[in-house]
Amino acid sequence: GADRMGRDVLSKAIKGTEISVFVGVLAAVLATFLGTILGTQTINISADATVFECALKLSQLKIGALVVLQEDKLIGIVSERDILRRVVANGDDPQKIRVEQIMTKTLTTVGPATTVREAMHIVTEKRIRHLPVLENQKLIGLISIGDLTRWAMILQEQQIASLTNYIQGERP
């Protein structure tokens, strides 16, 4: 089936020079700049919002983190993990705790020229899940580890299909 065909394609690729094409394409995927894959909307919350309001917003939007802005300046990030570890695990009332009390204030940020590879390295090394993207000190987006993985997988799948077609002699 498909698994056998995949092994056959890989075998042919390894025997030929096509593997260098694949490696080059994979390197290009990982070298993609974050600025080209950012969405158009970054969801935020006020530092004086309650943790309850924050949790509600995260749940409704089905996202894992919100950036905290003050007059359009990034001052923190609050995640589901922050709520769990800093409020729920302590038995605190989320309606009485403000976002500013639990948000992460010391942030690792990147610019739009940061590559997918660099961003993957940063989130892995620092064990963080979200990277705010700043340009001229202004927030232009938020990249999650899920976004990075998804982006790499989609492009890798496209390139594998192209390589398979190339090996099988199908030209565009």
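From a predicted model like this one, the values you see are computed outputs, not experimental measurements.

Basis of the calculations
- Residues numbered from 1 in each chain as written.
- Predicted model: local features only at pLDDT ≥ 70, side-chain atom pairs only at ≥ 80, totals over all residues.
- Heavy atoms only, no water.
- Helix = DSSP H or I, 4+ residues; strand = E, 2+ residues; numbered from the N terminus.
- Buried < 20%, exposed > 50% of the residue type's maximum accessible area, 1.4 Å probe, protein only.
- Salt bridge = Lys/Arg side-chain N within 4 Å of Asp/Glu carboxyl O.
- Pairing = 2+ DSSP bridges.
- Expected span 1.5 Å × (residues − 1).
- Core = buried A, V, L, I, M, F, W, Y, C linked by side-chain atoms within 4.5 Å.
- Contact = heavy atoms within 4.5 Å.

The next point concerns unusual backbone geometry. Of note, the phi angle at E71 is positive, near 55°, even though the residue is not glycine. Locating E71 in the fold gives a position in the loop between β2 (65-70) and β3 (73-79). Located in the positive-phi region is Q137, a residue other than glycine, with phi close to 65°. Q137 gets classed as exposed once you look at its relative accessible area, which sits at 69%.

This part takes up the pattern of salt bridges. Inspection of the entire model under this criterion finds two salt bridges. Across the pair R86 and D82 runs a salt bridge, and its minimum N-O distance is 3.3 Å. Here D82 and R86 lie together in helix α4 (residues 80-86), a separation of four residues that amounts to about one turn. R150 is the partner of D147 in a salt bridge, and the nearest nitrogen-oxygen pair spans 3.0 Å. Here D147 and its partner R150 are both found in helix α7 (residues 145-167), three residues apart, which amounts to about one turn of the helix. D147 gets classed as partly exposed once you look at its relative accessible area, which sits at 28%.

In spatial order, the strands read β1-β2-β3; together these three strands make up an open sheet with mixed pairing. Both edges of this open sheet fall to β1 (44-45) and β3, since each of them pairs with a single strand only.

Another aspect to go through is the environment of H130. Structurally, the position occupied by H130 is in strand β4 (residues 130-135). Expressed as a C-alpha distance, the spacing of H130 and L66, which sit 64 residues apart in the sequence, is 9.5 Å.

In a regular helix each residue adds 1.5 Å, so 23 residues correspond to 33 Å; α7 covers 32 Å between its end C-alpha atoms and thus fits that length. Residues of α7 that are buried: L148, A152, L155, L163, T164 and I167. At the exit of α7 stands G169, carrying a positive phi of roughly 85°.

Below, the discussion takes up the nonpolar core. Among the nonpolar cores identified, the biggest contains 15 residues, and I45, C54, V68, V78, V99 and I102 are the most heavily contacted of them. When contributions to this core are tallied by element, the ones reaching two or more residues are α3 (51-61), β2 and α5 (99-102). Broken down by element, the residue count for this core peaks at three residues, all from α3. Beyond its immediate sequence surroundings of up to four residues, C54 is in contact with I45, L66, V78, I83 and V99. Judged by nonpolar contacts, the second largest core, of 10 residues, contains L38, V110, V123 and V133.

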